[in-house]
Amino acid sequence: MNDRVHRYQYDAGVTDCLFCRIVAGEIPATLVTETDTTLAFRDIDPKAPTHVLVIPKEHHTAIGDVDPVLAGQILATAHQVAKAEGIDESGYRLVFNTGKDGGQTVFHVHCHVLGGRGLTWPPG
Ligand code: 5GP
Ligand code: ZN
């Protein structure tokens, strides 16, 4: 058992969280990059040629619960993903769906990195 699995299994109450289980390696995901505090993996149902989710390894429900240093690390990883995917020049969109009206369906904060095609505005 690696440290991450141990840490998240030990932290009772969040083990039902899908993204905590991805961090723990209990559910497979296609990883794009990883830092000490963040993980980036491909969305299972991509809405654009590049659709990557960047999450903090720590469980937080929504972006408003994340301290500013960690929020900055999420954004830095998102930009690193955009560069690695070759969409930093063509352009990309970072989205934090938050709460019911924001369309959030997984309640472990995540930043969508979307690009590789022209994205329409406004969103639905
Ligand atoms: P939300 O709707 O909360 O902003 O975004 C949740 C995202 O998680 C969706 O885009 C959805 O496709 C993605 N997702 C849901 N379940 C899984 C999964 O098991 N693996 C991966 N890689 N993505 C998932
Ligand atoms: Zn979680």
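Keep in mind that this is a model prediction, so the values were computed, not measured.

Considerations on the overall build of the protein
Secondary structure summary: the protein contains four helices and five strands in total. Along the protein, helices (α) and strands (β) appear in the sequence α-α-β-β-β-α-β-α-β when read from the amino end. Residue burial in the protein is summarised as follows: out of 124 residues, 24% are buried. Residue pairs in contact within the protein that sit at least 24 positions apart in sequence constitute 52% of those at least 6 positions apart.

Notes on the environment of H110
Looking at where H110 falls in the secondary structure, it is placed in the loop between α4 (99-102) and β5 (111-115). The class of H110 is buried, set by 24 C-beta atoms lying within 10 Å. In this structure, the C-alpha to C-alpha distance between H110 and I55, residues 55 residues apart in sequence, is 4.6 Å. Those residues within four positions of H110 in sequence are excluded, and the remaining contacts are F19, L53, V54 and I55.

Here's the deal with the site of ligand 1
By nearness alone, 13 residues border ligand 1, and I44, D45, N97, T105 and V106 come closest of all. Of the residues belonging to the shell around ligand 1, the class tally is six nonpolar, four polar and three charged.

Reading the values: the criteria
Residues numbered from 1 in each chain as written. Chains lettered and ligands numbered in written order. Predicted model: local features only at pLDDT ≥ 70, side-chain atom pairs only at ≥ 80, totals over all residues. Helix = DSSP H or I, 4+ residues; strand = E, 2+ residues; numbered from the N terminus. Buried ≥ 20, exposed ≤ 12 C-beta atoms within 10 Å, placed from the backbone. Contact = placed C-beta atoms within 7 Å. Near = placed C-beta within 6 Å. Nonpolar A, V, L, I, M, F, W, Y, C, P; charged D, E, K, R; others polar.

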